[in-house]
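Coordinate inspection notes
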Amino acid sequence: MFAAYVTVTILASAFTAIAAVTYLIGHDYPKAQLDMKRLPRSWGPRLGTALAAGSLGLLAGFAVPLLGTLAAAGLVLYFVGALIAHLRVGSRQLVGPVVFFLTVVAALAVGLGYHGVW
């Protein structure tokens, strides 16, 4: 169980860290996504910061399990919001948000399975 916990957590942290970097450096893809979802571009750095905090929180969960659980739960909520934003504008490009969502759900599940609820 430990190997699955470490692998899935690092994978989820890497995915969200890469997404955070694209938002924080002002890459064109996140800007296009914000435009498509009819969200202000000023949200880009805030969303990137939330992703970065979640990514670091997942890694901090190796030392403080409750922090990792809270970070994973926060990322699950973040990607639920991303899915809702896609559906709100009628986007059918759901593969990306679904992959991220399932990855952070898996990180939450294996973290809870390994450490328990508290």
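Residues numbered from 1 in each chain as written. Predicted model: local features only at pLDDT ≥ 70, side-chain atom pairs only at ≥ 80, totals over all residues. Heavy atoms only, no water.

**Examining the nonpolar core**
Judged by nonpolar contacts, the single largest core of 17 residues is most densely connected at Leu51, Leu58, Leu75, Phe79 and Val104. At the level of secondary structure, the elements contributing two or more residues to this core comprise α1 (2-24), α3 (43-60), α4 (65-88) and α5 (95-115). Of the residues forming this core, the biggest block, seven residues, is contributed by α4. Setting aside residues up to four positions removed in sequence, leucine 51 forms contacts with Thr16, Ala19, Ala20, Tyr23, Leu75, Tyr78 and Phe79. (Core = buried A, V, L, I, M, F, W, Y, C linked by side-chain atoms within 4.5 Å. Buried < 20%, exposed > 50% of the residue type's maximum accessible area, 1.4 Å probe, protein only. Helix = DSSP H or I, 4+ residues; strand = E, 2+ residues; numbered from the N terminus. Contact = heavy atoms within 4.5 Å.)

**Some words on the packing of α3 against α4**
Describing two packed helices takes the angle between their axes plus the distance from one axis to the other. Put simply, α3 and α4 touch, their axes get as near as 7 Å, and they point 145 degrees apart. The way α3 lies across α4 gives a crossing that is left-handed. Counted together, Leu47, Ala50, Leu51, Gly54, Ser55, Gly57, Leu58 and Ala60 of α3 and Leu67, Gly68, Ala71, Ala72, Leu75, Tyr78 and Phe79 of α4 form the full contact between these two elements. A per-class count over the contact of α3 with α4 returns eleven nonpolar, four polar and no charged. (Axes fitted to C-alpha atoms, helices over the stretch in contact; angles between N-to-C directions. Left-handed = near helix turned anticlockwise from the far one by under 90°. Nonpolar A, V, L, I, M, F, W, Y, C, P; charged D, E, K, R; others polar.)

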